[in-house]
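Per-entry structural report
The lines below spell out each chain.
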Amino acid sequence: MSTSAYDPNNIFARILRGELPAEKVYETDRVLAFMDIMPRADGHVLVIPKAPARNLLDITPEDLADLAKGAQVVAKAVKAGMAADGLTIQQFNESSGGQVVFHIHVHILPRWEGVALRPPGTMATPDVLAEHAARIRAGFKAA
Ligand code: 5GP
């Protein structure tokens, strides 16, 4: 067992407090969605709860329900805005489970037939993220 307490200075907590910038596409009083800075597919979005939680193991059922509902709304907009054929949804728990940022988040990855995910770790330019974010914002009206 290697679970630790929630760290209020993790990157996504700082984005929530407005201390770090993010290309936001959706926000309610419960959730925030923004572009992943190292997208593994064009239009890769992260959805996070505003409530502090490290991952699936410590989030309250109520906050998890809000996150799931937000993820569904955003997923539909991503699929519509990016004209995707499908979606891959990912959520990692603890370092051994692939988690790097310890504020729970749901990855929404648009997918197209025959197009593989890119390897992790390549930063997108702000212009590219802004262009994809604009398509996804339009996707909320189309979804
Ligand atoms: P995970 O913790 O599920 O492995 O993934 C964390 C994700 O956060 C990665 O896909 C990574 O590209 C993304 N990420 C890391 N730092 C930042 C950041 O400062 N801004 C944004 N928008 N995404 C980030």
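In what follows, the accompanying structure is described. As the structure is a prediction and not an experimental result, all values here were calculated from the model.

Asp36, Gly98, Val100, His105 and His107 are the nearest of the 15 residues found near the ligand. Between the ligand and the protein, one listed contact pairs a nitrogen atom with a backbone N or O atom of Met35 at 2.9 Å. Protein coverage of the free-state accessible area of the ligand, which is 530 Å², stands at 85%. According to the grid-proximity analysis, the pocket containing the ligand is the largest pocket. Those elements giving two or more residues to the shell around the ligand turn out to be helix H1 (11-16) and strand S2 (31-35). By residue class, the composition of the shell around the ligand is ten nonpolar, four polar and one charged.

Taken together, the side chains of Ile37, Met38 and Met123 make up a nonpolar region of the molecular surface, amounting to roughly 290 Å² of accessible area. Here Met38 shows up in the loop between S2 and strand S3 (45-49).

Quick look at the packing of aromatic side chains now. Taken as a whole and assessed by the stated rule, the structure comprises two aromatic pairs. Look at Phe12 and Phe34: their rings are 5.3 Å apart centre to centre, the planes differ by 75 degrees, and that puts the pair in the edge-to-face class. Of this pair, Phe12 sits in helix H1 while Phe34 is found in strand S2, placing the two residues 22 residues apart along the sequence. Like Phe12, the residue Phe34 is buried in the burial classification. For the pair Tyr26 and Phe140, a centre-to-centre distance of 5.1 Å together with 10 degrees between the ring planes defines the contact as stacked. With Tyr26 in strand S1 (residues 24-27) and Phe140 in helix H3 (residues 126-142), this residue pair connects regions lying 114 residues apart in the sequence. Overall, Phe140 belongs to the partly exposed group, its relative accessible area being 23%.

Reading guide: rules and limits
- Residues numbered from 1 in each chain as written.
- Predicted model: local features only at pLDDT ≥ 70, side-chain atom pairs only at ≥ 80, totals over all residues.
- Heavy atoms only, no water.
- Near = heavy atom within 4 Å.
- Polar contact = N/O pair within 3.5 Å; in protein donor to acceptor, adjacent residues only side chain to side chain.
- Areas by Shrake-Rupley, 256 points an atom, 1.4 Å probe, with all protein chains shown as cover.
- 1 Å grid on protein atoms, 1.4 Å probe; cavity = no way out; pocket = protein on both sides within 12 Å on 5 of 7 lines; lining within 4 Å.
- Sits in = over half its atoms within 2 Å of the grid points.
- Helix = DSSP H or I, 4+ residues; strand = E, 2+ residues; numbered from the N terminus.
- Nonpolar A, V, L, I, M, F, W, Y, C, P; charged D, E, K, R; others polar.
- Patch = residues over 30% accessible without salt bridge, like charges linked within 9 Å, V, L, I, M, F, W, Y side chains within 5 Å.
- Salt bridge = Lys/Arg side-chain N within 4 Å of Asp/Glu carboxyl O.
- Phe/Tyr/Trp six-rings, centres within 6.5 Å; stacked < 30°, edge-to-face > 60°.
- Buried < 20%, exposed > 50% of the residue type's maximum accessible area, 1.4 Å probe, protein only.

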